[in-house]
Amino acid sequence: MEDFDILEKALKNLEATEASEEKASNFESLYKNWGKSGSQEERRKQLLENQKGQRKNKIDNFRGILDLVNAVEENKLFKPYKKVPYRPNIYVSGFHKTCLTYSNVLMLSEWMIEKPNDFATNWYVLPCPKGIRLLVVANHGTTKFYTKRGQFKFECNTGLPGGNPYNYYRRNCCVLDCFYNEKNNTVYLIDMLAWNNQPMTDGETEFRQYWMKTQLEDFPDTKTINKKNKVIIKLLPMMPCTTHFLSFLLSTYPQFEDNNPPLDGLLFYHKRAHYVAGETPLVGWLYPYMIPEVLGEDITMHPGYMSEKPDDYVNQAEFIKQFEEKLSKKYRRSTQTNEMEIESNNEMESSGGSQVNGTKEIKNQESFETQDIELDIEEKSDDK
């Protein structure tokens, strides 16, 4: 109860000091998110206005992500490719009544195709390692990891609240957004949706980062491999998007010790963005070699980052076009393969009866997992 009071008080303080809206630019989005109306700047402004209108309901809305966790985790027959019969009683921004699994729960970025008007004052940058984007659900004594499409990946004990059966907080719940690098068995935290039974989705980026950093310090088991914790858990640094800090960040190469893992790219978060499901213009993504083109030449960069630019790179617009076309083809191919396998298994079931039921279920799950892995390998910022 004391933690909740602190949380509520901190949120009220953030409201009281909220900055005025920045004027939207007239920049037209020509090549990202075709079909969406308005420029990125205009859509950002509209989203921030909508957030302010929802603040009076924030305490009720906070329960949404925990309702989803309870529904999914308590269903003993839950399979990654099956829908869970769940209908939440309340609506939470980004977590809709049609969201029956953990699919489309993570907040994803758009390509940052322009420098925001308030970039230096209202944005943070976060370096992202190469790895798999996962949703972490620590709940009632175990920790499960899911891909952004809701596919179960693995489970183990962690030192997070609710993440193992040995600590005082074992009955609590914690939901986090991360990258996982299998090579060094490390989870790199980038955001939080709930912490110690306290939903955080309607907290602003600035507050979520502060809360995650300060609270994680109280759980030292997350830093080492031990009985309570089977993966190393680290918090990625987030800093202001001033020329000074960006130059400081990008003058270091490699970004992570011994280049393990390599830097994949940069995520940019608006300070006042709430955590919502799916793509949002309040989170941007760039590869390091795109920095001078989009953010300006005044940012100091180590030559190592520019050397990673593809040989056939022309400009960001052309790169995005080719990337989206390639990703679309990959997705269609994976979907067709999956549909063919399911149709084949249905035919086998019709001819072979109940003996093939187990085989069908295994193949269906393998197909979904293969599709998910292939897409994760290909996807950059759609995964970021």
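The protein chain is annotated in an unreviewed UniProt entry as Snurportin-1 of Danaus chrysippus. Check the Function (unreviewed entry) section of the UniProt entry for the protein chain; it says "Functions as an U snRNP-specific nuclear import adapter. Involved in the trimethylguanosine (m3G)-cap-dependent nuclear import of U snRNPs. Binds specifically to the terminal m3G-cap U snRNAs." Its UniProt record, at the heading Sequence similarities (unreviewed entry), says of the protein chain: "Belongs to the snurportin family."

A.B. asks: Got a sec to walk through the confidence of the model for the protein chain? Specific residues and values, please.
C.D. replies: Scored by pLDDT, the protein chain has a mean of 79; 68% of the residues are at 70 or more. Under a pLDDT of 50 for its full length, residues 14–37 has, in the predicted model, 55 contacts with residues more than four places off or in other chains. Confidence over residues 353–382 falls short of pLDDT 50; this stretch has 63 contacts with residues more than four positions distant or in other chains.

A.B. asks: Tell me about the nonpolar core, and please be specific about residues and values.
C.D. replies: The biggest cluster of nonpolar side chains holds 61 residues, and the ones touching the most others in it are Trp111, Leu135, Val175, Phe268, Ile291 and Leu295. Counting residues in hydrophobic clusters, the runner-up holds 22 residues, among them Leu134, Cys178, Phe219 and Val231.

A.B. asks: Requested: an account of the pairing of strand S1 (residues 107–111), with residues and values cited.
C.D. replies: Buried residues dominate S1, accounting for 5 of its 5 residues. Relative to strand S12 (residues 278–286), S1 runs parallel, the two being bridged by 4 bridges. What sits directly across from Trp111, in S12, is Trp285.

A.B. asks: So what about unusual backbone geometry? Which residues, and what values?
C.D. replies: With omega at -5°, the peptide bond leading from Tyr253 into Pro254 counts as cis. The linkage connecting Asn260 with the following residue, Pro261, adopts the cis geometry, with an omega of 5°. By the secondary structure assignment, Pro261 is in the loop between helix H7 (243–250) and strand S11 (263–270). At Asn104, a position not held by glycine, the phi torsion is positive, near 60°. Within the fold, Asn104 resides in the loop between helix H4 (64–73) and S1. Phi at Asn196 is positive, roughly 55°, even though this residue is not glycine. With respect to the secondary-structure elements, Asn196 resides in the loop between strand S7 (186–195) and strand S8 (198–199). A relative accessible area of 13% means that Asn196 is categorised as buried.

A.B. asks: How would you sum up the sheet that holds strand S10 (residues 239–240)? Please name residues and give values.
C.D. replies: Pairing in this open sheet of 5 strands is mixed, and the strands run S1-S12-S11-S2-S10 from one edge to the other. Looking along the sheet, the strands with just one partner apiece sit at the ends: S1 and S10. Across 7 bridges, strand S2 (residues 123–129) lies against S11 in antiparallel orientation. Pairing of Tyr124 across the sheet is with Tyr269, part of S11.

Definitions and cut-offs
- Residues numbered from 1 in each chain as written.
- Predicted model: local features only at pLDDT ≥ 70, side-chain atom pairs only at ≥ 80, totals over all residues.
- Heavy atoms only, no water.
- UniProt positions renumbered as here; feature names shortened; annotations may be inferred.
- pLDDT = per-residue confidence, 0-100.
- Contact = heavy atoms within 4.5 Å.
- Core = buried A, V, L, I, M, F, W, Y, C linked by side-chain atoms within 4.5 Å.
- Buried < 20%, exposed > 50% of the residue type's maximum accessible area, 1.4 Å probe, protein only.
- Helix = DSSP H or I, 4+ residues; strand = E, 2+ residues; numbered from the N terminus.
- Pairing = 2+ DSSP bridges.

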